[in-house]
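Spelled out, the chains give:
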Amino acid sequence: LWSYMPCHWKGVAFLFALVSVTLTLVFGLIWIFRAIGRPDLEPWAYLIIIASVIWSWTIAERQSPPKS
């Protein structure tokens, strides 16, 4: 579990920014879907979370030291 925890302030800042942006996008899309009268599309907003996780894994792998 602790191997994925950032040990630098930039890592913590990246996680905070990633969660903030992801939640803003999800809730923003839900608000837009409700505003246009299509609440049936709300579950599609949660796909942003999947994209966010995949993107963060890519960044984490790129920044991790190579395995021996």
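Preceding block: the structure.
Novice: Explanation requested: the pattern of salt bridges in the structure shown.
Specialist: Opposite charge on two side chains permits pairing when their charged atoms draw close. With the rule as written, the count across this model stands at two salt bridges. Glu 42 is paired through a salt bridge with Arg 34; the nearest N and O atoms lie 2.6 Å apart.

Novice: For this particular structure, what's the right way to read a nonpolar patch on the surface?
Specialist: Taken together, Trp 44, Tyr 46, Leu 47, Ile 49, Ile 50, Val 53, Ile 54 and Trp 57 make up a surface patch of nonpolar side chains, about 830 Å² in accessible area. Here the element with the most residues in the nonpolar patch is helix H3 (residues 47–63); it accounts for six residues. Along the chain, Trp 44 turns up in helix H2 (residues 42–45).

Novice: Looking at this model, I keep getting lost on the packing of aromatic side chains. Mind explaining?
Specialist: Aromatic rings in a pair are described by how distant their centres are and how their planes are angled relative to each other. What the rule picks out here adds up to one aromatic pair. Arranged with centres 5.5 Å apart and planes meeting at 50°, the rings of Phe 14 and Trp 55 form a pair that is tilted. Of this pair, Phe 14 sits in helix H1 (residues 9–35) while Trp 55 sits in helix H3, and the two are 41 residues apart along the sequence. Assessed through its relative accessible area of 25%, Phe 14 is described here as partly exposed. Judged by relative accessible area, which is 46%, Trp 55 ranks as partly exposed.

Novice: Where do I start with the nonpolar core in this structure?
Specialist: Nonpolar side chains in soluble globular proteins generally cluster together in the buried interior. If you look at the biggest cluster of nonpolar residues, it comprises five residues: Val 26, Ile 30, Phe 33, Ala 45 and Ile 48. With three residues, the single largest contributor to this core is H1. If sequence neighbours within four positions are ignored, Phe 33 has contacts with Arg 38, Pro 39, Leu 41, Glu 42 and Ala 45.

Novice: Mind showing me how you'd approach the environment of Ser 56 here?
Specialist: Its location among the elements puts Ser 56 in helix H3. Residue Ser 56 is classed as buried on the basis of its relative accessible area of 15%. Remark: the alpha-carbon pair of Ser 56 and Phe 14, spanning 42 residues in sequence, is separated by 9.0 Å. When residues no more than four places from it in sequence are discounted, the contact partners of Ser 56 are Phe 14 and Leu 18. A polar side-chain atom of Ser 56 sits 2.9 Å from the main-chain carbonyl oxygen of Val 53.

Novice: Can you walk me through H1 in this structure?
Specialist: One turn of the α-helix equals 3.6 residues, which is why residues spaced by three or four share an orientation. An ideal rise of 1.5 Å per residue puts 39 Å on 27 residues; H1 measures up with 38 Å between its terminal C-alpha atoms. Turning to H1, its buried residues are Leu 18, Thr 22, Val 26, Ile 30 and Phe 33. Once H1 ends, the next one or two residues include Gly 37, with phi positive near 80°.

Quick notes on the rules
Residues numbered from 1 in each chain as written. Predicted model: local features only at pLDDT ≥ 70, side-chain atom pairs only at ≥ 80, totals over all residues. Heavy atoms only, no water. Salt bridge = Lys/Arg side-chain N within 4 Å of Asp/Glu carboxyl O. Patch = residues over 30% accessible without salt bridge, like charges linked within 9 Å, V, L, I, M, F, W, Y side chains within 5 Å. Areas by Shrake-Rupley, 256 points an atom, 1.4 Å probe, with all protein chains shown as cover. Helix = DSSP H or I, 4+ residues; strand = E, 2+ residues; numbered from the N terminus. Phe/Tyr/Trp six-rings, centres within 6.5 Å; stacked < 30°, edge-to-face > 60°. Buried < 20%, exposed > 50% of the residue type's maximum accessible area, 1.4 Å probe, protein only. Core = buried A, V, L, I, M, F, W, Y, C linked by side-chain atoms within 4.5 Å. Contact = heavy atoms within 4.5 Å. Polar contact = N/O pair within 3.5 Å; in protein donor to acceptor, adjacent residues only side chain to side chain. Expected span 1.5 Å × (residues − 1).

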